[in-house]
Every structure is written in C-alpha cells, then in structure tokens.
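Observations on chain architecture
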Amino acid sequence: MVLEIKYIDHHDQIEDLGHIAVLGFFDGLHIAHQALINKGLELKKKTGKKLFVFTFDQSIRKYLYNEPFYYLTSVDDKKEILETYQVDRLYVFKVSKEFISLSPENFINQYLIQMSYLVVGFDFTYGFRSVGNVSHLKAYKEFETIVMPEITYQDEKIGSSKIRQSLDEGEMDLANYLLGRNYQITGEVIHGRGVGKLLGFPTANIDFTNYYLPKRGVYLTKVIIKDKQYYGVTNVGKKPTFKDQSISLETYIFDLSKDLYGQIITIEFIEFMRDEIKYSHKEDLIKQIYKDVERSHEIIKRRNS
Ligand SMILES: Cc1cc2nc3c(=O)[nH]c(=O)nc-3n(C[C@H](O)[C@H](O)[C@H](O)COP(=O)(O)O)c2cc1C
Ligand SMILES: Nc1ncnc2c1ncn2[C@@H]1O[C@H](COP(=O)(O)OP(=O)(O)O)[C@@H](O)[C@H]1O
C-alpha cells in the first residue's frame, strides 16, 4: 500500500473529517510506538475509518534548545515502516517558532477537532510549553481519546533513550528487539579517501548526516541495495591507523564488485564484533579485516541455523 505523506505548517488546516489520528514524534518507531499504530489499525478495521499518523519533522525539545538532533529514524524511514501497517496518510508537522507557539487549544482546534479517535501514549504532551496532556484530550467530547499505557522491558520504559543506550553499548540484540527490526541507516554512498581499495577491501562510505551512530567499532551488517540484500562488515569510527580523524560509516560488502557512488543504500546492524584498533602497520589491519570477514561468515551461519 502506498502511503501518502503531507507536510503541514502553522497555517494549514486538516480538511478530513471523522478519522483516526495516532500522534507522536515516534523516533525509532519502536515496539511501544508500534503498539499505538496497531491500536489505530484495530480501530480502522472495526470502524472502516481512515488511519492517519501525525508526527513532527524534528524534535521540538532539541529545536527549543538549538541542539543538533541525531535520529533513530528519518521521516522517510517512518514512511517506509508505516507503509507496512495500512496507514492511509502520514502528516508531518513542520516545527517552527510559530508552530511551537500554538496553544494546546489552538493546536487541537486547528488540526484534530474533526477526528473521531485520537490514539496517544500515556505521557503525550502538546501545545505551547507542552502544557497539553492526556487528561486535557480526554475532556474533549468531539473525539474519543484512547491512551495507551506504558510498556516496559525489565521494569524500564521502552523508549528511544533506552535504544540509544543499547546502541552506545553495542548491544545490538537488545536495540533490535526494542525496535522490532534491525537498526538501520540509509544514505548516499559518498567518496572516502580511496584507501579501502588499496587495502584490498573497498568500502562504501555512507553519508549518515543526522542519524544516531552506534558505538564505534566493527559490525556484521546487512546491506540493502535497490531491494537486493547482501551481508557485509561495517566500520563505524575514526580509522585510528590513519591520520584522518573524522568519523565514517563504511562497509565492505560481500559478493559485490561495482561502483556504488551516488546510490542510496541501507545498512542494517546485526552484531557488534570488536572495537576499532590502531595499528602501526597497515598490513596488520589488512590481516585483521580478513579475520573479521571470516568471523562474520561464522556469525551468519550461527544466526541462520
Ligand atoms: C571490517 C573493517 C574493519 C576495520 N577496522 C579498522 C580498525 O580496527 N582500525 C582502523 O584504523 N581502521 C579500520 N577500518 C577502516 C579502514 O582503515 C578503512 O576502511 C580504510 O581506511 C579506508 O578508508 P576510505 O573509505 O576513506 O578509503 C576497518 C574497515 C573495515 C571495513
Ligand atoms: N564489495 C564492495 N563493497 C563496498 N564498496 C565496493 C565494493 N565493490 C566496489 N565498491 C565500490 O568501491 C568504492 C569504495 O572504494 P574505496 O577505495 O574504499 O573508496 P572510498 O574511499 O571512496 O570509499 C565504493 O564506494 C563502491 O563504489
């Protein structure tokens, strides 16, 4: 099903009447977010109404504090995931000074008053200074508000902070469990320094822009290129063996030999294998990468058996 995507700003109004709106920033679109979407889907099946998801183009908190935001899922990632859920439309609020100044009442009146159902999480807040909350929403008689309770994992709230923490620790099994899929980064293949080919391991360097990077080191990954799937070994890091200290995300892709520059590819992180090492001789790094490739084949076998 093709999902329609509409960006809206503080001038826009929503013309559709009587549908289901699931609201949230949804960074990660993890299993707790998926519970909200599933609730919306259940209502859609029961009532025949359309299912809309409302999200924001960036984190309002980071916008307020003027901090950079490193996301777990881009808007395009969210669109792709929601396509598998029979969501009819994705509305993306464009965060701006005017948008965040909307009072809670104006926010509801402008965008949501004509909906039949609102589905939100227990800690959802909205409107200027986030003063609108779920009890305010429940007071509206125009629509029914369904509040989804907190979902926990080992007594902790499942959320993007917990996922970021597991990515920081290289705990990919936990991160991927909480996400309900493998953590992935999609971006354009850009030029590196051309050293990879000289080492005998050409690597596709990805422009990861504002994505949250997992712990520095070497990973077994899956690589998706135009719907075809490969395995690879990915290095996230500063390549301490060399002088260049910039962080890169680069992958040696198995069973592939072609020019990838300019293509948009997806890297899925499966398992953290080791930390980055600073070698005095590049020959030792080459030997280590041979070992990484060998070990990654063993991991693939173990995981697929
Ligand atoms: C599987 C793998 C493991 C790597 N491990 C290390 C490492 O431990 N230390 C290091 O300095 N660089 C490591 N690298 C990065 C290489 O140094 C890098 O691929 C090379 O510098 C090529 O950079 P380029 O893409 O800019 O040409 C690794 C790369 C791969 C693909
Ligand atoms: N198996 C492969 N895995 C990754 N990239 C490959 C592979 N085969 C060919 N390439 C191509 O080679 C380029 C990488 O070569 P490399 O010397 O590492 O250059 P750069 O420093 O620009 O990344 C990739 O961007 C891609 O176009």
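Look up a bit, the structure's there.
None of these values were measured; they are calculated from a predicted model. (Residues numbered from 1 in each chain as written. Chains lettered and ligands numbered in written order. Predicted model: local features only at pLDDT ≥ 70, side-chain atom pairs only at ≥ 80, totals over all residues. Heavy atoms only, no water.)

1. Here's the deal with the pattern of salt bridges
Heads up, the condition is: We define a salt bridge as a contact between a side-chain nitrogen of Lys or Arg and a carboxyl oxygen of Asp or Glu at a distance within 4 Å. The numbering of helices and of strands both runs from the N terminus, where a helix is a DSSP run of H or I of at least 4 residues and a strand a run of E of at least 2. Each residue is assigned to one of three classes by its accessible area relative to the maximum for its type, calculated with a 1.4 Å probe on protein chains only: buried under 20%, partly exposed between the two thresholds, exposed over 50%.
Throughout the structure, instances matching the rule amount to 14 salt bridges. Here Lys-79 and Glu-83 are joined by a salt bridge, their closest N and O atoms 3.3 Å apart. Linking Lys-79 with Glu-83, this pair stays in helix H3 (residues 75–83), spanning four residues, or about one helical turn. Of the residues examined, Glu-83 reaches a relative accessible area of 24% and is grouped as partly exposed. Notably, a salt bridge pairs Lys-215 with Asp-275, separated by 4.0 Å at the nearest N-O pair. On the criterion of sequence distance, the pair formed by Lys-215 in the loop between strand S10 (204–206) and strand S11 (217–225) and Asp-275 in the loop between strand S14 (264–274) and helix H10 (282–304) is long-range, its members being 60 residues apart. You can call Lys-215 partly exposed: its relative accessible area is 28%. Sharing partners across several salt bridges, the network here consists of Asp-173, Glu-271, Arg-302 and Arg-303.

2. Overview of the packing of aromatic side chains
To describe a pair of aromatic rings, you give the distance between the ring centres and the angle between the ring planes. Quick note on the threshold: Any pair of Phe, Tyr and Trp rings, taking the six-membered ring for Trp, is counted once the centres come within 6.5 Å. Such a pair is stacked with planes under 30 degrees apart, edge-to-face with planes over 60 apart, and tilted for the rest. For a ring to carry a charge above it, either NZ of a lysine or CZ of an arginine must fall within 6 Å of the ring centroid while also lying within 35 degrees of the normal to the ring plane.
Inspection of the entire model under this criterion finds 23 aromatic pairs. Here the aromatic rings of Phe-93 and Phe-107 are separated by 5.4 Å at their centres, their planes lie at 55°, and the arrangement is tilted. Of this pair, Phe-93 sits in strand S4 (residues 89–93) while Phe-107 sits in helix H5 (residues 104–112), and the two are 14 residues apart along the sequence. Here Phe-93 matches Phe-107 in class, with each residue buried. Site record: aromatic cluster; members linked through ring pairs are Phe-52, Phe-54, Phe-56, Tyr-91, Phe-93, Phe-99, Phe-107, Tyr-111, Phe-124 and Tyr-126. Above the ring of Tyr-212, the side-chain terminus of Arg-164 is found at 5.0 Å from the ring centroid.

3. Here we look at the sheet that holds strand S13 (residues 248–253)
The condition that has to hold: Two strands pair under a simple rule: DSSP has to find at least two bridges between them. Lines fitted to C-alpha atoms define the axes here, with helix axes fitted over just the stretch in contact, and angles between the N-to-C directions of these axes take values from 0 to 180 degrees.
Strand order in this closed barrel of six strands is S9-S10-S13-S12-S11-S14, and the pairing throughout is antiparallel. Neighbour-to-neighbour, the strand axes of this sheet turn through a mean angle of 45°, independent of strand direction. Summarising the sheet, strand S12 (residues 228–237) and S13 pair through six bridges and their orientation is antiparallel. Residue Gly-237 lies in a different strand from S13, and its bridge partner there is Ser-248.

4. Considerations on the site of ligand 2
Heads up, the condition is: Note on definitions. A residue lies near a molecule or strand when any single heavy atom of the residue is within 4 Å of it. Whenever two N or O atoms come within 3.5 Å, that pair is a polar contact, provided that in protein one can donate a hydrogen and the other can accept it, and provided that, for residues adjacent in sequence, both atoms are side-chain atoms. Under the convention used here, a 1.4 Å probe and the Shrake-Rupley method define accessible areas, while residue burial counts only the protein chains that appear. Each residue receives one of three labels: charged for Asp, Glu, Lys and Arg, nonpolar for Ala, Val, Leu, Ile, Met, Phe, Trp, Tyr, Cys and Pro, and polar for the others, Gly being one of them.
Taken together, 21 residues lie around ligand 2, and Gly-192, Gly-194, Leu-256, Leu-260 and Tyr-261 are the ones closest in. The backbone of Arg-193 places a nitrogen or oxygen atom 3.0 Å from an oxygen atom of ligand 2. Taking Lys-258, its main chain carries an N or O atom lying 3.2 Å from a nitrogen atom of ligand 2. Out of a free accessible area of 560 Å², ligand 2 has 95% covered by protein chains. Counting residues per element, the ones that place at least two in the shell around ligand 2 are helix H9 (195–199), S10 and S13. Classifying every residue of the shell around ligand 2 by side-chain character gives nine nonpolar, eight polar and four charged.

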